[in-house]
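Coordinates in review
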Amino acid sequence: MKSNIGHLEPAAGLAGLVKVLLSLEHGVVPPTLHVVRPNDHIRFEDTPFFVADQPVSWPRVVGVPRRAAVSAFGMGGVNAHVIVEEAPLPAAREALPQQSHLVKVSAATEDAVRRLAAAYAGSFAAAPDDRATADLCHTANVGRSSLDHQTAVSGPTGQALAEQLRAVADGRVPVARVDCHRPAEPLPADPAQRHAVVVDQVRQGHADIDWAALSAPGARIVALPTYPFDRGRYWHTRPTATVTVPAPVTTVHLPPENIPPADPGAADGRHPGDPGSTPAPQALRTRWRPADPLQGASAYGVTVRVVVADRAIGGAVCAALAAQGADLAPDGATTRALVVVDTATGPADTAPDLRGFWEQLRSYAATIPPQGRVVWVEHRSATVDEADRALLDPEAAARAFAVRAAAAENRFTVAVLDLDPADPVEIRAWQIAAEFAALRPGADTVVAYRRGVRYVPTPLPALPGPPADLTGDGYHLVTGGLGAVGRRLVTHLVTRGARRIGIVGRSPVDGAAEGFLRGLHPAAEVDYHRCDVADQAALTAAAASFARRWGRLRGIVHCSGGVNQFGSLRRRQWSEAARVTAPKVAGSRNVIRLARTEGADHVALVSSIAGTLPDAGRGLVDYALANAYQLALAEQTGDDGPTVTAHAWPNWSGIGMAADESYSAGHSITLDQALAGFDAYLLTGGAVVFPGSAVPQPTTVSAPPPEADHPPAPTADPGPAPASPTGGGNGAAGPSSDGDPGVAYRLVRDAFVDVLGEDPGDCPLPDLGLDSLVIADLTSAIERLSGTTVDPSLVMRSRTMADLAARLTDRAGRPAGPPDPASGPDPVPGAPVAVSSGTPGAVSSAPGPDDPAPTTSLSALLRPLLANGQQSH
């Protein structure tokens, strides 16, 4: 078999057996490929054997059965030799005077029972006689496993059975859950009556039925459609949850002098987006603090591959790793550990070319196994101090973060380093080797070195910028302004006093867009030009057209963007990724260049926390790369031009790209909060992160417009938001499950949907195949939704979701702390609500007024141990 399909390791014997069976069936021995010259050490002429270098006829001979030998001898210890003999020709059977036939249909779910019945129906309809029908019945009743759901039908012929099976498929025949504790009743002697009684028993859930005794004499196992396994995709994603837009897209909130009477249903008579109606949400900035130097770690016994373009630093890094005890792999070798050192370059004025990096990252994702160790080294990718700002390379910063997102997607252990190119080569090599040796499974380490000092990033509160005056002469430009988020911001600019707004985007103007644009009159003049913001010439031409009409460009709000479907980095071609990066990389550079040329006051880049939270980039590494570039671009901008601020937004509840429930639960913001944050931090400058908090999510479906540029749902739970300045959680305590089994069950169900992607219903938990990491994920999800610490053994000991809910209901203690006021009204029972602590990767209950600083949850402590333990399985 090797020459036909390659090395099969433990499956080689099984493949050889299949080859023999197919050869018997077709009467032909297939040739062994690529045989030009037999082995000189085997004298085939002295044996009865020969190499089949062409198809060899192998017909059946009466009285002489065909036989074949299958050998399997493997380095793993397999040692087997099997002689296979063809089955004798089946003896002729007499006609079967059968008056009734009986068929059982059994599967793991009711839906599978009905799909299997539909598949069976075709076979029974094609049965030529009663004997063939009896064989099919025997195969279905005896040759197939009895599972949790079942039904049965009976009839005098195969055609009659086919009609009954179609009735099962159509839902006209009941399907029962098997009750193993209900003994079957005695059966009558008459076959027709006996079959009718069995059908009734099966449909009532009886399990103790002797199916073999019900088969016709001489019945055989024959071909019959196999089990209809579910075709679900189990890439680690969450089902997207589209939500209701709070107000029609054509609704406009006019300036105060034109505001109509307050909605009688509004408590204070104010409208979303009115100045002062909602306090600005918490915003954070990344700052760097000195950290303790690394000491005492060793890389003994770890084989590592080093990829570096600069030969001088490459040799120094290899020497430093060897001194730490690491074994060095040759170029091109596939290893479990990798060190990549990017060449130090200054910030380029030309547009970045990320294609080569993307292909490089894809190749690493395809070759490094889960739990592999990666150290990625950049230069000038972080602004540790003000001196770094002018030298910052946004492309390097985007690469560094994309590596972290890829590591989160592929479960790599990763350290991203930003080194000082002014340090000697030997110093940088020692820093790389020390960080490599210090890596522990599951880590996501971000470190910078300056003048030999080790720094780590720390989130701190961002100070609001000065008030922005949007009134006066000139015009404001909004890119992607016909998208869901863009429309809200255009409307908000009008509410704040902007009287002339130019909108550009790729979308054609449809009826809804025309209605939106008309609705802005007479409060403001608005015009739309269709162009691609990544096309500098087209953008410049559109701006010139607006300027001839309205005068000076006052400011730009850059909302253009898009996102691909969730998918693996390894399978995403650059042509697909480029569609996501173009509006945020080239587009952001173009709008900033335009603002400088035209003397604009400010630029706001609408970005996403997918560019700051690696877990939010799983399945969306291209989107994470694009947003990380935007955030770094804003950090790079100096004080000699317009104020450039990039807002890393969480999910806008009900608006923009559809966000899944797990993402929305931990990182959401209401429209009012978003607009208040937009106002407060419009002129802050640099990258501003809005971690968001838990907000109740509506469930009605509403599709976002095509150019809606808003943080999308990540493929997995993005983890906690950065720490609040006080060290406490920034979310709301979740719904308590104590004393209310219904709430507890909904909480558990939401956690399973979050982690597994579907509701397992009453399926036994041991049948789900949960491993240690999935149990840790489930525990974290339950903690996040409930606001309490959960013992992972509860998940391991529970039989079903209902049993787990009952155990949670009986547990001691209640969630600590009141709901966060920023999250709105009290969460509805079972609604996804998240809390987070200041420790990356940790989930904890919200602290009460007298509580100490929050502690790391048990599941967060267990996760590194579980991940480490998996390597030994």
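Residues numbered from 1 in each chain as written. Predicted model: local features only at pLDDT ≥ 70, side-chain atom pairs only at ≥ 80, totals over all residues. Heavy atoms only, no water.

Quick word on the overall build of the protein
Convention followed: Counting from the N terminus, the helices are the DSSP runs of H or I reaching at least four residues and the strands are the DSSP runs of E reaching at least two. The cut-offs for exposure are 20% and 50% of the maximum accessible area for each residue type, with area from a 1.4 Å probe on protein chains only; residues under the lower value are buried, those over the upper are exposed, and the others partly exposed. Accessible surface area values rest on a Shrake-Rupley calculation with a 1.4 Å probe, where residue burial reflects the displayed protein chains alone.
Across its full length, the protein holds 24 helices and 26 strands. Each of the 873 residues in the protein was classed as buried or not, and the buried ones make up 50%. Per element, the accessible surface of the protein, about 39,200 Å² overall, is 55% carbon and sulfur.

Describing the confidence of the model for the protein
Using the following cut-off: The pLDDT value tells you how sure the predictor is about a given residue, anywhere from 0 up to 100. Here, two residues are considered to be in contact whenever any of their heavy atoms come within 4.5 Å of each other.
The predicted model of the protein averages 80 in pLDDT, with 79% of residues at 70 or higher. Predicted confidence for residues 238-275 stays below pLDDT 50, and this span has 78 contacts to residues more than four positions away or in other chains. Note that residues 812-873 has pLDDT below 50 and, in this model, 132 contacts with residues that lie over four places away or in other chains.

Things to note about the nonpolar core
Defined as follows: Side-chain atoms within 4.5 Å are what join buried Ala, Val, Leu, Ile, Met, Phe, Trp, Tyr and Cys residues into a set we call a nonpolar core.
Ranked by internal contacts, the top residues of the largest apolar core, which has 66 residues, are Leu-361, Leu-477, Ile-556, Val-591 and Val-603. Counting residues per element, this core draws most heavily on helix 17 (residues 621-636), which supplies 10 residues. Filtering out sequence-adjacent residues up to four positions away, Ile-556 remains in contact with Leu-477, Val-591, Leu-594, Ala-595, His-602, Val-603 and Ala-604.

A word on the pairing of strand 18 (residues 500-505)
Applicable threshold: Strands pair, by our definition, only if DSSP identifies at least two bridges between them. Think of it like this: strands point away, you trace from the first strand over the helix to the second, and a clockwise trace means the crossover is right-handed.
The element strand 18 is extensively covered by neighbouring structure, given that 6 of its 6 residues are classed as buried. In the sheet, strand 17 (residues 475-479) pairs with strand 18 via 4 bridges, with the strands oriented parallel. In the sheet register, Thr-479 faces strand 18, and the bridge partner there is Val-504. Where the polypeptide runs from strand 18 across helix 13 (residues 511-519) and back to strand 19 (residues 525-530), its parallel neighbour, the crossover connection is right-handed.

Examining the sheet that holds strand 7 (residues 176-177)
Test applied: In this description, a line fitted to the C-alpha atoms serves as the axis of each element, helices being fitted only across the stretch in contact, and the angle between N-to-C directions of two axes falls anywhere from 0 to 180 degrees.
Strands sit in the order 5-6-7 across an open sheet of 3 strands; the sheet is antiparallel. Two strands bound the open sheet, and with one partner strand each, they are strand 5 (101-107) and strand 7. Sheet topology places strand 6 (residues 149-155) next to strand 7; 2 bridges connect them, and they run antiparallel. In the sheet register, His-149 faces strand 7, and the bridge partner there is Arg-177. Relative to the sheet, helix 6 (residues 191-203) contacts strand 5, strand 6 and strand 7, its axis offset from that of strand 6 by approximately 160 degrees.

A short note on the pairing of strand 5
Counting buried positions along strand 5 gives 7 out of 7 residues, so the element sits mostly inside the fold. Going residue by residue along strand 5, you find His-101, Val-103, Val-105 and Ala-107 tucked away on one face and Leu-102, Lys-104 and Ser-106 tucked away on the opposite face as well. Taken together, the 7 bridges between strand 5 and strand 6 define a ladder with antiparallel strand orientation. Along strand 6, the bridge assignment pairs Ser-106 with Gln-150.

Focus: the packing of aromatic side chains
Rules: Each Phe, Tyr or Trp ring, with Trp reduced to its six-membered ring, pairs with another whose centre is within 6.5 Å; inter-plane angles below 30 degrees give stacked pairs, above 60 give edge-to-face pairs, and intermediate values give tilted ones. A positively charged side chain is recorded as over a ring if its NZ (Lys) or CZ (Arg) lies within 6 Å of the ring centre. The angle to the ring normal must also be within 35 degrees.
With the rule as written, the count across this model stands at 10 aromatic pairs. Considering the side-chain rings of Tyr-227 and Phe-229, the 4.9 Å spacing of their centres and the 55 degrees angle between planes classify their relative orientation as tilted. By relative accessible area, which is 23% here, Tyr-227 ends up partly exposed. Looking at Phe-229, the relative accessible area reads 60%, which means it is exposed. Among the aromatic side chains, those forming a connected cluster through ring pairs are Trp-649, Trp-652, Tyr-681 and Phe-690. Lying across the ring of Phe-436, Arg-373 places its NZ or CZ 4.8 Å from the centre. Sitting over the face of the ring of Phe-516, Arg-487 holds its NZ or CZ atom 5.5 Å from the ring centroid.

Overview of the pattern of salt bridges
Selection criterion: Any Lys or Arg side-chain nitrogen found within 4 Å of a carboxyl oxygen on Asp or Glu counts as a salt bridge.
The tally for this structure, following the rule as stated, stands at 33 salt bridges. In this structure, Glu-86 and Arg-66 form a salt bridge, with 2.9 Å as the shortest nitrogen-oxygen distance. Remark: Arg-66 occurs in the loop between strand 2 (56-57) and strand 3 (67-73) and Glu-86 occurs in the loop between strand 4 (79-85) and strand 5; sequence separation between them is 20 residues. Across the pair, exposure class does not vary: Glu-86 and Arg-66 are buried alike. The partner of Asp-679 in a salt bridge is Arg-496, and the shortest N-O contact between them spans 2.8 Å. With Asp-679 in helix 19 (residues 671-680) and Arg-496 in the loop between helix 12 (484-495) and strand 18, this pair connects stretches of sequence that are 183 residues apart. Judged by relative accessible area, which is 18%, Asp-679 ranks as buried. Each of Arg-285, Glu-386, Arg-389 and Glu-635 takes part in a single network of salt bridges with overlapping partners.

So, a nonpolar patch on the surface
For the record, the criterion: Candidates for patches are residues over 30% relative accessible area with no salt bridge; among them, like charges are joined within 9 Å and nonpolar side chains (Val, Leu, Ile, Met, Phe, Trp, Tyr) within 5 Å.
Taken together, the side chains of Leu-14, Leu-17, Val-18, Leu-21 and Leu-22 make up a nonpolar region of the molecular surface, amounting to roughly 430 Å² of accessible area. Position of Val-18 relative to the elements: it lies in helix 2 (residues 12-26).

Thoughts on the packing of helix 15 (residues 574-584) against helix 16 (residues 586-598)
When two helices pack together, their arrangement is given by the angle between the helix axes and the distance between those axes. Put simply, the rule is: If an angle is under 35 degrees, it is roughly parallel; if it is over 145, roughly antiparallel; if it lies from 65 to 115, roughly perpendicular; otherwise it is oblique. Ten residues, namely Ala, Val, Leu, Ile, Met, Phe, Trp, Tyr, Cys and Pro, are considered nonpolar, four, namely Asp, Glu, Lys and Arg, are considered charged, and the remaining ones, Gly among them, are considered polar.
Relative orientation of the contacting elements helix 15 and helix 16 amounts to 15 degrees, with a least axis distance of 3 Å. Judged by the angle between their axes, helix 15 and helix 16 are roughly parallel. Residue-level contacts link Thr-581, Ala-582, Pro-583 and Lys-584 of helix 15 to Ala-586, Gly-587 and Ser-588 of helix 16. For the contact of helix 15 with helix 16, the class distribution of residues is 3 nonpolar, 3 polar and 1 charged.

Description of helix 4 (residues 130-142)
Test applied: Between the first and last residue of a helix there are one fewer steps than residues, each counted as 1.5 Å, and that sum is the expected span. Under the rule applied, a polar contact is a pair of N or O atoms within 3.5 Å (in protein, one hydrogen donor and one hydrogen acceptor; residues adjacent in sequence only if both atoms are side-chain atoms).
A rise of 1.5 Å per residue sets the reference length of helix 4, with its 13 residues, at 18 Å; its end C-alpha atoms lie 18 Å apart and thus fit the reference within 8%. Counting buried residues in helix 4 gives 11 out of 13 residues, a clear majority hidden from the surface. Inspection of helix 4 places Arg-131, Ala-132, Thr-133, Ala-134, Asp-135, Leu-136, Cys-137, His-138, Thr-139, Ala-140 and Asn-141 among the buried residues, and these make up the whole buried set. On the buried face of helix 4, the contacting elements are strand 5, helix 3 (110-125) and helix 5 (158-169). The N-terminus of helix 4 is capped by Asp-129, whose side-chain oxygen sits 3.2 Å from the backbone nitrogen of Arg-131.

Observations regarding unusual backbone geometry
Cis geometry marks the peptide bond from His-521 to Pro-522, where omega comes out at 5 degrees. One can find Pro-522 in the loop between helix 13 and strand 19. The phi dihedral of His-34 is positive, around 65 degrees, even though this residue is not glycine.

A look at the environment of Ser-57
Turning to its location among the elements, Ser-57 is positioned in strand 2. Classification of Ser-57 by relative accessible area gives exposed; the value is 55%. As for Ser-57 and Pro-30, which are separated by 27 residues in sequence, their C-alpha atoms are 8.9 Å apart.

Details of the environment of Glu-110
With respect to the element layout, Glu-110 can be found in helix 3. For Glu-110, a relative accessible area of 38% puts it in the partly exposed group. In sequence terms Glu-110 and His-149 are 39 residues apart; their C-alpha atoms lie 5.9 Å from each other. Not counting residues within four places of it along the chain, the set of residues in contact with Glu-110 comprises His-149 and Val-175. A polar contact is formed between the side chain of Glu-110 and the side chain of Arg-114, at a distance of 3.0 Å.

A look at the packing of helix 12 against helix 19
What counts is decided by this rule: Left-handed describes a crossing whose near helix is turned anticlockwise from the far helix through less than a right angle; right-handed describes the clockwise counterpart.
Two elements in contact, helix 12 and helix 19, have axes separated by 11 Å at closest approach and are oriented at 60 degrees. The pairing of helix 12 with helix 19 is recorded here as oblique in orientation. Crossing geometry of helix 12 relative to helix 19 is assigned as right-handed. Residue-level inspection shows Arg-488, Leu-489, His-492 and Leu-493 of helix 12 in contact with helix 19, the latter providing Leu-671, Leu-675, Phe-678 and Asp-679. Across the contact of helix 12 with helix 19, the residue classes break down as 5 nonpolar, 1 polar and 2 charged.

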